[in-house]
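Next come the chains, spelled out residue by residue.
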Amino acid sequence: QVQLVESGGGLVQAGGSLRLSCTASGSIFPLNAMGWYRQAPGNQRELVAQVAISGRTTYADSVKGRFTISRDNAKNTVYLQMNSLKAEDTGVYYCRLRSSDVEPYDYDRWGQGTQVTVSS
């Protein structure tokens, strides 16, 4: 059983910072592809940032230069440091864990989501 536990969401003023964490546990490989997605009300879930098994990172254009994704392999934890937050960053942020960068996956799991609200 693979589980993801997220933390770090909350309410922050525009221009502020938050740090999200997601820790994986259970029957997982030593290295995984991990990422953060978000979903705003009325919108589809979209990729925010991801880190491949190789360590290569990818960011949505809207967060480049403001967000940083990092990973602690020993702790099976991925972080998302969010700086210079804007009202449009508001949404539910979901962590995603995959056994590999491309299909087929041995597992593909989502966290329960954590709310991020940025007041303008």
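One can find the structure itself at the top, above this paragraph.
Counting starts from 1 at the beginning of each chain's written sequence and moves along it residue by residue. Under the rules for a predicted model, residues below a pLDDT of 70 receive no local features and side-chain atom pairs below 80 are neither given nor counted, while totals for whole chains, interfaces and linings still include all residues. As a rule here, side-chain values come from all non-hydrogen atoms in the structure, and water together with hydrogens is ignored.

Enquirer: Go over the overall build of the protein chain, please, and point to the residues and values.
Expert: A count of helical and extended segments in the protein chain gives zero helices and eleven strands. When its C-alpha atoms are laid out on the principal axes, the protein chain stretches across 40 × 25 × 25 Å. A total of 120 residues make up the protein chain; the buried ones form 41% of that total. Total accessible area computed for the protein chain in this model is approximately 6300 Å², and 46% of it derives from carbon and sulfur atoms. Side-chain charges of the protein chain comprise 12 positive and 10 negative groups, with the mean position of each set lying 4 Å from the other. Strands are runs of DSSP state E lasting at least 2 residues, helices are runs of H or I lasting at least 4, and numbering of each runs from the N terminus. A simple rule labels every residue: compare its accessible area, found with a 1.4 Å probe on the protein chains alone, to the largest value its type can have, and call it buried under 20%, exposed over 50%, or partly exposed in between. All accessibility values rest on the Shrake-Rupley procedure with a 1.4 Å probe; residue burial counts only the protein chains present in the view. The charge count includes Lys and Arg as positive and Asp and Glu as negative, but it does not include His or the ends of the chains. Here the site of a charge means atom NZ of a Lys, CZ of an Arg, CG of an Asp or CD of a Glu.

Enquirer: Lay out the state of the cysteines with the relevant residues and their values.
Expert: Pairs of cysteine sulfur atoms within 2.5 Å are identified as disulfides in what follows. Across all of its chains, the model carries one disulfide by this definition. Covalent S-S linkage joins Cys 22 and Cys 95, the inter-sulfur distance amounting to 2.1 Å. Between Cys 22 and Cys 95, the S-S torsion sits near -80 degrees, and that sign places the bridge as left-handed. Separated by 73 residues along the polypeptide, Cys 22 in strand 3 (residues 18-25) and Cys 95 in strand 9 (residues 91-98) bring together distant segments of the chain. The pair Cys 22 / Cys 95 is uniform in exposure class, with both members buried.

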